[in-house]
Amino acid sequence: MTFDLTDSLVDDILFAMEDQQKTSAVDASRGAVVSSESLVVDEVNYYALPVWSSGDGYSVLQEFTNNLHSPLAREELRRVLTGGRGVFRKFKDVIKSYPEVERKWHFFKNARMKKRLNEWYGSLRESWGLEQLEYSEDECIDETEELVRSDFVFNTYDSGMDRNGISHGCELIKEEYRKQFPFEVGDAVGFLWQRLSSFADFNQKSGFVCYTQSEEFAGCLLYSSCLSSSKKTAVVTDFFVVQNYRGLGIGKELLGKTLDGLKDRGIQWVLVFNAVITDAMESLLIQNGFKKLGSGYLADLLKDSD
């Protein structure tokens, strides 16, 4: 007997997969999850659920943590994963301190579980002589991007309203450099990084800023013209996300909005000459068409239009 994989049934199966204390099955005649303790799971009328063990759950914890770009949350979660017993409970306790990361975690975990579920259902359809259904993890990626847009506010930069938030963010980045690099090198890196920010006055900059729903500054991407004779060139003066909010896609959203805005203004060249360019930023720049130029990066916004 066949059954359709409805949205409500998917939710019930995912919930049952995580419940390690009970055994459940799908009742094909009802299209519902039922307890299988007193049933014969014959794979005709009743179907065993996809296997999802505690080992699978731990592997997903590891994968999420290792690929998380939010430094503070990542380090805390790594300590949990190597801390012995009570990993799952401790993981939940830690991640509650990072609400945005926690929501991203739930999207990530559901994506992995849905992949297992769809592989299981696909094998059932094959045994029923039915064609496979298409499933793409891109849907989960879209959900993650929607998370960023719903949890954060992206505004056009306003020098009067945003100056204090950006100044505070700059101080946080400088302090981060002091801790990251040895001796006085951290002070030097922070100084050089801030010199780029002071390349242009607050009133001469444009771009986008990001705030949480509670109006806490989270990041920005600002740019300015370089020379009065360079009408089609913009220099990025400030591009950073506050440490607590990294790894959530804020930088990607800021860069996308800024590049679209620059194209609309007829800007062709975009220069990035930060004192320190992290691996994550380098990857983001390259994905958006930037090319290595000495110690910086350059994008030609009109190249794809030719």
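Residues numbered from 1 in each chain as written. Predicted model: local features only at pLDDT ≥ 70, side-chain atom pairs only at ≥ 80, totals over all residues. Heavy atoms only, no water.

Caption draft 1: How the structure looks around the overall build of the protein. When you go through the protein residue by residue, the secondary structure sums to 10 helices and 10 strands. Its C-alpha radius of gyration of 24 Å places the protein more than 25% over the 19 Å reference for a compact globule of 306 residues. With respect to the three principal axes, the spread of C-alpha positions in the protein is 80 × 50 × 35 Å. When each of the 306 residues of the protein is scored for burial, the buried share is 42%. Counted over contacts in the protein with a minimum sequence separation of 6, partners at least 24 positions apart contribute 61%. Between the mean site of the 35 positive side-chain charges and the mean site of the 48 negative ones, the protein shows a separation of 6 Å. (Helix = DSSP H or I, 4+ residues; strand = E, 2+ residues; numbered from the N terminus. Rg over C-alpha atoms; globule rule 2.2 N^0.38 Å. Buried < 20%, exposed > 50% of the residue type's maximum accessible area, 1.4 Å probe, protein only. Contact = heavy atoms within 4.5 Å. Lys, Arg positive; Asp, Glu negative; His and termini not counted. Charge placed at Lys NZ, Arg CZ, Asp CG, Glu CD.)

Caption draft 2: Examining the state of the cysteines more closely. Counted according to the given criterion, the structure contains zero disulfides. Left without a disulfide partner, Cys170 is nearest to the cysteine sulfur of Cys220, which lies 6.5 Å away. A relative accessible area of 4% means that Cys170 is categorised as buried. (Disulfide = S-S within 2.5 Å.)

Caption draft 3: Seen up close, the sheet that holds strand β4 (residues 152-156). As summarised here, the arrangement of the seven strands in space is β4-β5-β6-β7-β8-β10-β9, forming an open sheet in which the pairing is mixed. Two strands close off the open sheet at either side, each with one partner strand: β4 and β9 (290-293). Neighbour to neighbour, the strand axes of the sheet diverge by 25° on average, direction disregarded. Looking at chain direction, strand β8 (residues 269-272) and strand β10 (residues 296-300) are connected through four bridges and run antiparallel. Paired with Val270 across the bridge in β10 is Ala299. Sheet strands in contact with helix α9 (residues 250-264) are β4, β5 (206-212), β6 (217-225), β7 (233-241), β8 and β9, and its direction is about 30° off that of β6. (Pairing = 2+ DSSP bridges. Axes fitted to C-alpha atoms, helices over the stretch in contact; angles between N-to-C directions.)

Caption draft 4: Representation of the sheet that holds strand β2 (residues 32-35). What the three strands build is an open sheet, ordered β2-β1-β3; its pairing is antiparallel. Because the sheet does not close on itself, it has two edges, and the strands there are β2 and β3 (46-48). Strand-to-strand twist in this sheet, taken as the mean axis angle between neighbours without regard to direction, amounts to 40°. Of the pairings in the sheet, the one linking strand β1 (residues 24-27) to β3 comprises three bridges and is antiparallel in character.

Caption draft 5: Quick peek at the side chain of Glu176. By secondary structure assignment, the location of Glu176 is in helix α7 (residues 159-180). When its relative accessible area of 17% is taken as the criterion, Glu176 is described as buried. Sequence-distant contacts of Glu176, that is, excluding residues within four places in its chain, are made with Gln243 and Arg246.

Caption draft 6: Representation of the nonpolar core. Phe3, Phe64, Phe91, Trp120, Ile166, Ile250 and Phe290 are the most contacted members of the largest nonpolar core, which totals 78 residues. At eight residues, the largest contribution of residues to this core is made by helix α5 (residues 99-127). (Core = buried A, V, L, I, M, F, W, Y, C linked by side-chain atoms within 4.5 Å.)

Caption draft 7: Region of the structure containing the packing of aromatic side chains. Under the definition given, this model contains 16 aromatic pairs. The interplanar angle of 70° and the centroid separation of 5.6 Å between the aromatic rings of Trp193 and Phe240 together place this pair among those described as edge-to-face. Separated by 47 residues along the polypeptide, Trp193 in helix α8 (residues 185-197) and Phe240 in strand β7 bring together distant segments of the chain. Each of the two residues, Trp193 as well as Phe240, counts as buried. Among the aromatic side chains, those forming a connected cluster through ring pairs are Tyr177, Phe181, Trp193, Tyr211, Phe217 and Phe240. (Phe/Tyr/Trp six-rings, centres within 6.5 Å; stacked < 30°, edge-to-face > 60°.)

Caption draft 8: Geometry of unusual backbone geometry. If you check the backbone angles, Glu43 has positive phi at about 60° while not being a glycine. Take Glu43: it is sitting in the loop between β2 and β3. Residue classification places Glu43 among the partly exposed positions, given a relative accessible area of 39%. Notably, Glu215 is not glycine yet its phi reads approximately 70°, a positive angle. Its location among the elements puts Glu215 in the loop between β5 and β6. Exposure remark for Glu215: the relative accessible area of 69% places this residue in the exposed category.

Caption draft 9: Main features of the environment of Asp238. Along the chain, Asp238 turns up in strand β7. Between the C-alpha atom of Asp238 and that of Tyr211, which follows or precedes it by 27 residues, the distance is 15 Å. For Asp238, the contacting residues outside a window of four places in its chain are Cys170, Ser197, Lys205, Cys220, Leu221 and Leu222. Polar side-chain contacts of Asp238 include one of 2.4 Å to the side chain of Ser197. (Polar contact = N/O pair within 3.5 Å; in protein donor to acceptor, adjacent residues only side chain to side chain.)

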